[in-house]
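# Survey of secondary and tertiary structure
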Amino acid sequence: MEGNPVTSTETPPSAEVVPVVSQATMALFSQMAVGIPEADDGEAYESIVLQLLNAENLDAFNAPWDTEQTANLAGKMLKIESMARRQSDFAGGLGLYIVTKGVRLDTGEPFTWTTGGVANVASLARIHFQGKLPAIVELVIADTPTANGFRPQHLKIHSLGVAQ
């Protein structure tokens, strides 16, 4: 595989969330994250089925499971217009991940991007809590993986919307 693969892990899913921050920080995070709407499973299924029903080539058939999408968004200016949260069963995070939707500013194409990275989830929770959508961000993915094989990500915030 060419390029930098999107990280995968052999850590088995579990219902137990191992805290990565103190209880006080987790309480602050929870206050902010609770305002992010829960993701609609029906919408996700609808999107996948429509993509498959409209597929005209191999890439289109495989698109719903394309883990390269995150890598394709790296370094691009993204306008995040909305977000939703989902419960995570990954044992080393904040207990949820966020589904963002928006537009790539370089192409005008819509995107959907999910993240469970602690720094990204914290940044997005704060942005939502402050009512600062849309947000113009750049997804930065480290070139060098960590000892565990992860390629850390963070959002470089370029501008924030005005609180409503």
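Refer to the structure above for everything that follows.
In this report, we go over the structure that sits alongside the text. (Residues numbered from 1 in each chain as written. Predicted model: local features only at pLDDT ≥ 70, side-chain atom pairs only at ≥ 80, totals over all residues. Heavy atoms only, no water.)

## Points about the nonpolar core
The condition that has to hold: For the purposes of this section, nonpolar cores are sets of buried Ala, Val, Leu, Ile, Met, Phe, Trp, Tyr and Cys residues that join through side-chain atoms within 4.5 Å. Whether a residue is buried, partly exposed or exposed follows from its accessible area with a 1.4 Å probe, protein chains only, as a fraction of its type maximum: under 20%, in between, or over 50%, in that order. Contact between two residues is taken to exist if any of their heavy atoms lie within 4.5 Å; hydrogens are not considered.
Counting 23 residues, the largest nonpolar core has Phe-29, Ile-98, Trp-113, Leu-124 and Leu-139 as the members making the most contacts within it. Among all residues touching Trp-113, those that are not within four sequence positions of it are Thr-70, Leu-73, Ile-98, Val-99, Thr-100, Asn-120, Leu-124, Leu-139, Gln-153 and Leu-155.

## Examining helix H5 (residues 118–129)
The criterion, for reference: Secondary structure elements follow DSSP: runs of H or I of four or more residues count as helices, runs of E of two or more count as strands, with numbering from the N terminus. Expected helix span is taken as 1.5 Å per residue step, with the number of steps being one fewer than the number of residues. The arc in question is formed by the directions pointing from the helix axis toward the C-beta atoms.
Taking 1.5 Å as the rise per residue, H5 with 12 residues should run 16 Å; its terminal C-alpha atoms sit 16 Å apart, in good agreement. Three or more residues of H5 are buried, namely Asn-120, Val-121, Leu-124, Ala-125 and Ile-127. All buried residues of H5 fall inside an arc of 165° around its axis, so they share one side. Considering only its buried residues, H5 is in contact with helix H1 (23–33), strand S1 (77–87), strand S2 (96–104), strand S3 (110–115), strand S4 (135–141) and strand S5 (153–160). Gly-131 sits one or two positions beyond H5 and adopts a positive phi of about 70°.

## Overview of the pattern of salt bridges
The condition that has to hold: In the sections that follow, a salt bridge refers to a side-chain nitrogen of Lys or Arg positioned within 4 Å of a carboxyl oxygen of Asp or Glu.
All chains considered together, the criterion is met by two salt bridges. Put simply, Lys-79 and Glu-81 hold a salt bridge, and the shortest N to O gap is 4.0 Å. Here Lys-79 falls in the partly exposed class, since its relative accessible area comes to 27%. Overall, Glu-81 belongs to the partly exposed group, its relative accessible area being 40%. A salt bridge links Arg-104 to Asp-106; the shortest N-O distance between them is 2.7 Å. Of the residues examined, Asp-106 reaches a relative accessible area of 45% and is grouped as partly exposed.

## Notes on the environment of Val-137
Tracing the sequence through the fold places Val-137 in strand S4. Residues Val-137 and Lys-79 lie 58 residues apart in sequence; the distance between their C-alpha atoms is 6.5 Å. Not counting residues up to four positions away in its chain, the partners in contact with Val-137 are Lys-76, Met-77, Leu-78, Ile-80, Leu-155, Lys-156, Ile-157 and His-158.

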